[in-house]
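A structural walkthrough
Listed below are the residues making up each chain.
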Amino acid sequence: MTRPSWNSPGVSAAHEQLLDTLHCLLWVLDFQGNITFVNQAFVAHTQSAEALASHTNITAYLPAAEQFSAPSVHDALRGQTPFTLELEIPVAGEPHPFELCAQPGPQLHSWVATLRDLSPQKQAELARQKQAQQLETLNRVNQTISAELDVQKVVQAVTDAGVELTGAQFGAFFYTLPDHNGSLLNLYALSGAPPEAFAHYPMPHMTAVFGPTFRNEGVVRSDDITQDALYGQNAPYHGMLPGHLPVRSYLAVPVVTREGTAIGGFFFGHPEAGIFNDTAERAALSLATQAAIALNNAQLYQTARHSERRFRSLVEATSQIVWNRASTGEVIVEQPAWQNFTGQTAEQQLGWGWLDAIHPDDRERTQLAWKQAVNTQALYRVEHRLRRHDGAYRFMRARATPVRNEDGTLLEWVGVHEDITEHHEAEQRLREREARYRALVEYTIVGVTRIDLNGHFIDVNPAAAAFLGYSQAELAGMSVKDVTYPPDLNESFAALQTVISGERAAVTLEKRYVRKNREIVWSNSGVTVVRGADGEPQYLIAVISNITERKHAEAELHRLNADLESRVRERTQDLAQERSFLRALLESLAEGIAVCDEHGQLTLFNDSAVRIVGLPAESLPPSEWASHYGVYHPDGITLLATEELPLLRALQGEDVRDVPIIIDTEDRPRRFVSISGNVIRGESGEKLGAVVAMHDVTAQQLAEQEVRRVNQELQRSNAELAQFAAVASHDLKSPLRTITSYLQLLERRYQGKLDAQGEQMISFTVEAAKRMDTLIDDLLAYSRLGRERRVRRVDAGQVLQDVLGNLDATIQELNAKVTWSDVPEVIADETQLRQVFQNLVANALKFQPPGRVPEVDVQAIREGDLVRFQVRDNGIGVDPAYFDRIFGIFQRLHGNKQFSGSGIGLAVVKKIIEEHDGSIWVESVVGEGTTFHFTLPVT
């Protein structure tokens, strides 16, 4: 394009030629801001030099929003202070943003302004901003997955990222927590909508819309779900529930573990139609894979890299520094732009002093580049670090072009410094990020491979090589077909084709591989395609997880399940038989059995219970049991309170034993019942209910009542008998004493006057009267036994010693030997215990054959709550045929001439022992001796 003719006062033809040689865009301004010259580089760039009329003022190109700054521009021009402006200048008819940097020209007596078209920078900044936002989102998710062990936080982060990357208005992640039916779903994360928006709705189920996602049948994407054939198939609902967030655009992606199990899904929605595209679907699939990895292997990324810092949303642009040098490369005049940026004074930058602002490590290289450019007079280009006035170093790209006169002689160099610090740092971060991503792939425990479109491995990470049993070098160039188990080939390549063709964005399949050692291993492989900017597939990425152990476990589990089912069938049959047996057993029991469940509802009365109660089991609350079934206290008047009912007490955990009650209903006679029961618990201790056994003791109660009546009658009879015995004893002994007295008087008065037969007859009569008196006394004592008893703790040893003291004269007379052991205390009437010892020891001394020295031994043996006494002698013994007879009243085995006595002693002993709840028996060998045993209580 030809530049129009310019009237450029102060700009010579030589200078115009010089400025036209520069590649940077240049204007020359007068001190009023009028454009007096533009160089050829500007004309070529803007293709609109005709639009720049001569002497147009630069304020005409200020953006509309900044027109107010025109006065400050004129102030800067008058003050000859370098300034920077942003202008809008037409390029090919379209306004473009430009940056203008103006400084006074040292030799031109005007302003020299450099311009930079900011459009590419703005576009690049927008692209970088969008890329930075996406990278920020992905880095945030990756950082959360790598460092966060809280699954809820990981899920929330991935869900938030999904809403952001897919353009959804809201999204949710539902995680499957299977119950025994495998269908319980819990809401783990919600993004883009408040939690209360879903608080009143049930969890999603296996409906026509949600089912494919939860069953891992692939991605469901709909531009308008309300028009989809799957919509409205969840009876009784035929659409969204009232008040549900409006959804038209719908995107759902299953979340699948490395083992191939669907554990939930991402669901994204938008009220407008046609929102989700392939990019959104790929982003959702990628996030679903990340979520699955995080949920199944949270520690996998625990030691992985931290995400990079987010890219800055806008790279700050710095002004270019315009400068000139002498032909030798030295500074010979003041450089205001250089001075303003570096902070060097005019004196410091003169000569080669400007090199002091260059980083020491870059200084020699910069000077060598200058010398080479001066020697060759070629374009000077170099990148180095330049110290800013605050001491910070900035990466700069320096360019300079030689300025010659008409004969080609080098006059000077004109150049610029462009700040490329942000670009340099961005490249460095990109290299670091790529290195970290590469390290993640290299050191992850999951196999990762790249595969070309023909099915050949491009590269594999160490985990994939180890899984397949080959080295990485061996696998490079091998085909997937070479390591795939032949029966799985067709399915594998068909799945790859669906991804390459775009039919599916990603595919997950379980397949078998053949390792180098011919071992067959199972994998869960997720495959996706990487496409170029034109949308054409470039290569495939496959993520391989080893599920061999899981497959073996599934096979074993299948076998165990079959075995378990067989055992369950057998056990079910056994339980049915046991149930029938138990039912028959219950019905055969004489005791009534009543059962209630854990809620207190009656569930069972056996036949005996119905017979005892008179009514069947009915579904009644416990508060109505007593009145309905007529359950009374033993007084037969007061109904049992609800909390006193034995079955309810057993349900509360009480051990119920022998509780007496009366059941009295209108149509049946009163029944006396004794009840015992317990709580029923399961194997793990949980309460299942309670059971009681009802024992009908009506006959026993009636018998006891009869016994009490008879005892009362007997007590009355005994009292009358005792009174009769006392009266009879008195009445009998009165004439007996008279007879005895007169006989004794006759015996004294006629002693020696009667013949021997007469005296013998009187002697016999006196002896008979004495025996009659003793007999009357013994009968009276026998009748009084049990009526005057005072039972207490008695020292039996002391009582025995007292008895032996009373019998000491007899013992001495017979030269008898009496021994005894330690005798404990017992519960007894002391007087009656003395009678027992007196009778038994006296009999042992008396019933001896002639000429034998009596030997008597008394022992006491503790047997539980009783003491068993034994009195053993070496006397004449008792024939076993008479063991029972000797304890009867008036039962004598010998006459008075042989052994004196009334025949009542052992009867008295037996009655005393039995009155003390003890027992007595005898052991004997005729001619060798007899042992009497008797027991008395200790407590």
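Treat the numbers as computed from the prediction; the structure is a model and nothing was measured.

A few points about the sheet that holds strand β23 (residues 656-663)
With respect to topology, six strands assemble into an open sheet ordered β21-β20-β25-β24-β23-β22, the strand pairing being antiparallel. Looking at which strands have only one partner, the edges of the open sheet turn out to be β21 (602-605) and β22 (631-632).

Remarks on the confidence of the model for the protein chain
When pLDDT is low, close inspection of the predicted coordinates is not appropriate. On average, residues of the protein chain score 80 in pLDDT, and 81% of them are at 70 or above. Across residues 179-183, where pLDDT falls below 50, the model places two contacts with residues more than four positions away in sequence or in other chains. Predicted confidence for residues 298-318 stays below pLDDT 50, and this span has 51 contacts to residues more than four positions away or in other chains.

Remarks on the side chain of Lys511
Within the secondary structure, Lys511 is located in strand β17 (residues 506-514). A distance of 2.9 Å separates the side chain of Lys511 from the side chain of Thr484, its partner in a polar contact. Separated by 3.3 Å, the side chains of Lys511 and Ser492 make a polar contact. Each residue touching Lys511, except ones within four places of it in the same chain, is listed here: Val480, Thr484, Asp488, Ser492, Val521, Trp522, Ser523 and Ser525.

A few points about helix α24 (residues 830-846)
The terminal C-alpha atoms of α24, which comprises 17 residues, lie 24 Å apart, in line with the 24 Å expected from a rise of 1.5 Å per residue. Backbone nitrogen of Thr831 and a side-chain oxygen of the N-cap are separated by 3.1 Å at the start of α24; the cap is Asp829.

So, the nonpolar core
Membership of the largest hydrophobic core comes to 42 residues, with the highest contact counts inside it found for Val826, Leu833, Phe837, Leu840, Phe869 and Phe934. Top element by residues in this core is α24. It accounts for seven residues. Formed by 27 residues, the second largest nonpolar core is a distinct cluster that contains Phe605, Ile612, Trp625 and Ala626.

Quick notes on the environment of Gln832
With respect to the helices, strands and loops of the structure, Gln832 is situated in helix α24. Look at Gln832 and you get buried, because its relative accessible area is 7%. C-alpha separation for the pair Gln832 and His916, spaced 84 residues apart in sequence, amounts to 9.9 Å.

Re the environment of Arg116
For Arg116, the position within the fold is in strand β5 (residues 111-117). Arg116 sits 19 residues away from Pro97 along the chain, and the two C-alpha atoms are 8.6 Å apart.

Concerning the packing of helix α22 (residues 796-806) against α24
Following both chains from N to C, one finds α22 and α24 inclined at 50 degrees, their axes separated by 9 Å at the closest point. If you check the angle between α22 and α24, you find them oblique. Here the hand of the crossing between α22 and α24 comes out right-handed. On α24, the residues that touch Ala796, Val799, Leu800, Asp802, Val803, Leu804 and Asn806 of α22 are Glu830, Leu833, Arg834, Phe837, Gln838 and Val841. A per-class count over the contact of α22 with α24 returns eight nonpolar, two polar and three charged.

Brief notes about the pairing of β5
Summarising burial for β5: seven of the seven residues are buried, a large majority. As paired strands, strand β1 (residues 25-29) and β5 are joined by five bridges and run antiparallel to one another. The residue of β5 that forms the bridge with Leu25 is Leu115. Sheet topology places strand β4 (residues 94-104) next to β5; seven bridges connect them, and they run antiparallel. If you follow Phe98 over to β5, its bridge partner there is Asp117.

Notes on the packing of α24 against helix α25 (residues 905-915)
At a minimum axis distance of 9 Å, the contact between α24 and α25 shows a crossing angle of 140 degrees. By the criterion of interaxial angle, the relationship of α24 to α25 is oblique. Every pair of crossing elements has a handedness; the one defined by α24 and α25 is left-handed. Of the residues in α25, those in contact with Gln832, Gln835, Val836, Asn839, Leu840 and Asn843 of α24 are Gly905, Leu906, Val908, Val909, Ile912 and Ile913. Partitioned by chemical class, the residues of the contact of α24 with α25 number seven nonpolar, five polar and no charged.

Here is what the cut-offs are and how they apply
- Residues numbered from 1 in each chain as written.
- Predicted model: local features only at pLDDT ≥ 70, side-chain atom pairs only at ≥ 80, totals over all residues.
- Heavy atoms only, no water.
- Pairing = 2+ DSSP bridges.
- Helix = DSSP H or I, 4+ residues; strand = E, 2+ residues; numbered from the N terminus.
- pLDDT = per-residue confidence, 0-100.
- Contact = heavy atoms within 4.5 Å.
- Polar contact = N/O pair within 3.5 Å; in protein donor to acceptor, adjacent residues only side chain to side chain.
- Expected span 1.5 Å × (residues − 1).
- Core = buried A, V, L, I, M, F, W, Y, C linked by side-chain atoms within 4.5 Å.
- Buried < 20%, exposed > 50% of the residue type's maximum accessible area, 1.4 Å probe, protein only.
- Axes fitted to C-alpha atoms, helices over the stretch in contact; angles between N-to-C directions.
- Parallel < 35°, antiparallel > 145°, perpendicular 65-115°, else oblique.
- Left-handed = near helix turned anticlockwise from the far one by under 90°.
- Nonpolar A, V, L, I, M, F, W, Y, C, P; charged D, E, K, R; others polar.

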